[in-house]
Amino acid sequence: MEDGPKHKPGPTARAMVMVAARHGLSYYTAMNGDDWSPDVPGLTKREIASRMRAFEVDCARRGIGNWRKLAQELGFEGLE
């Protein structure tokens, strides 16, 4: 897949994808490559924090107050 991710997504990215899929946040998919993932090797802490904030804002716009709790309810454990 040419446009897909160039890295193996970790647990946080996989949880984000599942929450996004369940709630219609269509940007957060493998088809958008690495542009949104906080797991891309080489990102600075600031870049990771920025990507996480963007996801949280998008979740809040869809009425998701705590996406990590929702991810845990979907079976994802140990999220950062």
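Residues numbered from 1 in each chain as written. Predicted model: local features only at pLDDT ≥ 70, side-chain atom pairs only at ≥ 80, totals over all residues. Heavy atoms only, no water.

1. Overview of the confidence of the model for the protein chain
Put simply, the test is: How sure the predictor is of each residue is captured by pLDDT, a score from 0 to 100. Working definition: helices are DSSP H or I runs of at least four residues, strands are E runs of at least two. Numbering for both runs from the N terminus.
Here the protein chain averages 85 in pLDDT, while 89% of its residues score no lower than 70. Across the protein chain, the secondary-structure element scoring lowest on mean pLDDT is helix 1 (residues 11-23), at 90, and the one scoring highest is helix 2 (residues 45-61), at 94.

2. Notes on the environment of Asp34
Among the secondary structure elements, Asp34 is positioned in the loop between helix 1 and helix 2. Each C-alpha atom, one on Asp34 and one on Pro9, is 9.1 Å from the other, the two residues being 25 residues apart in sequence.

3. Focus: helix 1
Heads up, the condition is: Here the expected span of a helix is defined as 1.5 Å times the quantity of residues minus one.
The terminal C-alpha atoms of helix 1, which comprises 13 residues, lie 18 Å apart, in line with the 18 Å expected from a rise of 1.5 Å per residue. One or two steps after helix 1, the chain reaches Gly24, where phi turns positive at roughly 75°.

4. Some details on the pattern of salt bridges
To be explicit about the condition: By definition here, a salt bridge exists when the distance from a side-chain nitrogen of Lys or Arg to a carboxyl oxygen of Asp or Glu is within 4 Å. Exposure is judged per residue with a 1.4 Å probe applied to protein chains only, and the accessible area is read against the type maximum: over 50% gives exposed, under 20% gives buried, and values in between give partly exposed.
Within this structure, the stated rule accounts for two salt bridges. A salt bridge links Glu56 to Arg68; the nearest nitrogen and oxygen atoms lie 3.1 Å apart. Linking Glu56 in helix 2 with Arg68 in helix 3 (residues 67-73), this pair joins segments that are 12 residues apart in sequence. A relative accessible area of 32% places Glu56 in the partly exposed class. Notably, a salt bridge pairs Arg61 with Asp58, separated by 3.3 Å at the nearest N-O pair. Here the residue Arg61 and the residue Asp58 both occupy positions in helix 2, the gap between them amounting to three residues, near one helical turn.

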